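# Report on the structure
So the chains spell out like this:
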Number of protein chains: 2
Amino acid sequence: MFELSQLRCFVAVARELNFRRAAEHLHMTQPPLSRQIQLLEDDLNVKLFERTSRSVRLTAAGKSFFVEAQDLLKRAEAASLTARQAEAGQHGSISFGFIPVAAFDIMPRVIKAVGDKAPGVNLLLHEMLTIEQIEALTAGRTELGLIRLPGKGSDWNSDASSANGSFSPFMLAIRSSRRRISGSRISTDSLSSCIRQRTAGTPTKSLRRSSTTPRCGRNSCSISAKPIPS
Amino acid sequence: MFELSQLRCFVAVARELNFRRAAEHLHMTQPPLSRQIQLLEDDLNVKLFERTSRSVRLTAAGKSFFVEAQDLLKRAEAASLTARQAEAGQHGSISFGFIPVAAFDIMPRVIKAVGDKAPGVNLLLHEMLTIEQIEALTAGRTELGLIRLPGKGSDWNSDASSANGSFSPFMLAIRSSRRRISGSRISTDSLSSCIRQRTAGTPTKSLRRSSTTPRCGRNSCSISAKPIPS
DNA sequence: GTGTCTTACGCCACGCGTAACAATG
DNA sequence: CATTGTTACGCGTGGCGTAAGACAC
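Keep in mind it's a predicted model, so treat the numbers as computed, not measured.

## Details of the environment of A:Ala88
All names here are of chain A. Tracing the backbone shows Ala88 in helix α4 (residues 60-88). Judged by its relative accessible area of 65%, Ala88 falls in the exposed class. In the structure, Ala88 is positioned 34 residues away from Asn122 in sequence and 8.3 Å away in space, judged by C-alpha atoms.

What follows is the structure, encoded as structure tokens:
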């Protein structure tokens, strides 16, 4: 599998469309850069550039991979930062997942609510899809999650799930409610109550409760999702 | 900066919470694995594990980084796959961005619409946030994007943007409408018309049009977003 | 002693740079 | 012939495995 260093090489070339300048920008010489691109192409088993002996162009595959590569590098940076932030707030921190769309809407109020209810507690935010959050919750990698389930009994893959109306309300999913937030005297349960209260007024339509009891490694745990009241 | 191989090491250890078994699973011996974890910790400048001479536990930072690391590895896999898919469909392919929430809802119909209107054209799907899509469109890395803008004149950061009602309708953002889809006789313009038509009926409230003319490298281009009709 | 992780050390491979090569305008 | 990207080759760093150490139960 390719490495991040190779992605950096690729992105540099894709940006410049010129090996010499890209190499310069990467503080290296062209030949090793060419080689890295070749290795990456080998690894992916796809030609990323069209080299027409006087110009370099991205192939369709290259164009597509360019989007993903930049995204990966950006996320790698962010991950590094996240870890340091978590360290800083070791005295009371809580891992919180949220769906992307919530960032524009409800998350600012969630952040404020946590800041008021549990001052000093560091909120570790992870942008994740709903399905990823359920995995993370059951595995104990996050304590809380803001998700939104498809409407009335429809399954995930049905495109009728939310086609003719809005989504179900935002749901606050909780793992092991009795547990205290590390370094604090507040339980995730009471914090979640506070958040639901403080973020009330978001578009909601129906009440819905979901709970599962999956096994995760040695100990089992339960997650439950409660709607944000309207 | 760390490498993906180090992330694989970290994830293996974080999963097993045991260096020996993790090493085994990675087809290597423990000592180099220990070293890689140390190097990763050095790089991040954060302790990821609490080693108490008979057990290994994740620190708060480690827990947080675990979430991100898994995500990165998954996305790396996906990126590799995307590139190969793009290669396969070189005869007519179109890069299409979409916001995560659309996957459950409108994307299946978009895919069907493209399949009918432009059979044989490969649809390269990229899950991206709205802001990322605008960047990708202006940079020419995607041709079309399905986004959703916050409601009536509110700015991105305002938490009132969509607090008390649903979002604005889905918008189909287009780059350089005159351009033809590579390897096909269909223009992105006509394809987008078809998609808007075929996906009509999604929750929409207000009409809205946004267009910008940013410079992207040498040539400038314009992107415009048109609402999906209700 | 049996299990754990870490430190020490030698070897090989991989990635770099320099130099020579090929190709195009 | 200037400028591009590729091939060839030698060197040094870095990551591996083996072996030995430290520590706990």
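## Notes on the protein's contact with DNA strand D
Lining the immediate environment of DNA strand D, one finds 18 residues, of which A:Phe19, A:Ser34, A:Arg51, A:Arg54 and B:Thr29 sit closest. Across the atoms of DNA strand D situated within 4 Å of the protein, the share located in sugar and phosphate is 71%. Here A:Phe19 contributes a backbone N or O atom positioned 2.7 Å from a phosphate oxygen of DNA strand D. A:Arg51 has a polar side-chain atom sitting 2.8 Å from a phosphate oxygen of DNA strand D. Secondary structure elements with two or more residues in the surface near DNA strand D: α2 (19-25) and α3 (30-44) of chain A together with α3 (30-44) of chain B. Among the elements that take part in the surface near DNA strand D, α3(B) stands out by supplying four residues, more than any other. A per-class count over the surface near DNA strand D returns seven nonpolar, seven polar and four charged.

## Quick look at helix α6 (residues 130-138) of chain B
When α6(B) is considered as a whole, its buried residues turn out to be B:Thr130, B:Glu132, B:Gln133, B:Ala136, B:Leu137 and B:Thr138. Among the residues trailing α6(B), B:Gly140 stands out with phi positive, at a value near 80°.

## A short note on the protein's contact with DNA strand C
Lining the immediate surroundings of DNA strand C are 18 residues, of which A:Ser53, B:Phe19, B:Arg20, B:Ser34 and B:Arg51 lie closest. The sugar-phosphate backbone supplies 70% of the atoms of DNA strand C found within 4 Å of the protein. A distance of 2.5 Å separates a phosphate oxygen of DNA strand C from a polar side-chain atom of B:Ser34. Broken down by secondary-structure element, the contributors of at least two residues to the surface near DNA strand C are α3 of chain A together with α2 (19-25) and α3 of chain B. Counting residues per element, the surface near DNA strand C draws most heavily on α3(A), which supplies four residues. The class makeup of the residues in the surface near DNA strand C is seven nonpolar, seven polar and four charged.

## Concerning the side chain of B:Ser64
As for its position among the elements, B:Ser64 is in helix α4 (residues 60-88). In contact with B:Ser64, other than residues within four places in its own chain, are A:Thr82, A:Ala86, A:Ser95, A:Leu124 and A:His126.

## Some thoughts on the pairing of strand β3 (residues 93-98) of chain A
When a strand is regular, its side chains alternate between the sheet's two faces. Residue and element names in this part refer to chain A. With respect to burial, β3 is a largely interior element, six of its six residues being buried. Burial of β3 is two-sided: the residues Ser93, Ser95 and Gly97 facing one way and the residues Ile94, Phe96 and Phe98 facing the other way are all buried. Relative to strand β4 (residues 122-127), β3 runs parallel, the two sharing six bridges. By the bridge assignment for β4, Phe98 is matched with Glu127. Here β3 pairs with strand β5 (residues 144-148) via three bridges, running parallel. Across the sheet, residue Gly97 finds its bridge partner in β5, namely Gly145.

## Looking at the pattern of salt bridges
For the coordinates displayed, the defined rule picks out 17 salt bridges over all chains. For A:Asp71, the salt bridge identified is with B:Arg75, shortest N-O distance 3.8 Å. Taken together, the positions of A:Asp71 in helix α4 and B:Arg75 in helix α4 put the pair across two chains. Classification of A:Asp71 as buried rests on a relative accessible area of 11%. Classification of B:Arg75 as buried rests on a relative accessible area of 18%.

Rules used in this analysis
- Residues numbered from 1 in each chain as written.
- Chains lettered and ligands numbered in written order.
- Predicted model: local features only at pLDDT ≥ 70, side-chain atom pairs only at ≥ 80, totals over all residues.
- Heavy atoms only, no water.
- Helix = DSSP H or I, 4+ residues; strand = E, 2+ residues; numbered from the N terminus.
- Buried < 20%, exposed > 50% of the residue type's maximum accessible area, 1.4 Å probe, protein only.
- Near = heavy atom within 4 Å.
- Polar contact = N/O pair within 3.5 Å; in protein donor to acceptor, adjacent residues only side chain to side chain.
- Nonpolar A, V, L, I, M, F, W, Y, C, P; charged D, E, K, R; others polar.
- Contact = heavy atoms within 4.5 Å.
- Pairing = 2+ DSSP bridges.
- Salt bridge = Lys/Arg side-chain N within 4 Å of Asp/Glu carboxyl O.

Just geometry here; none of it tells us what the structure is for.
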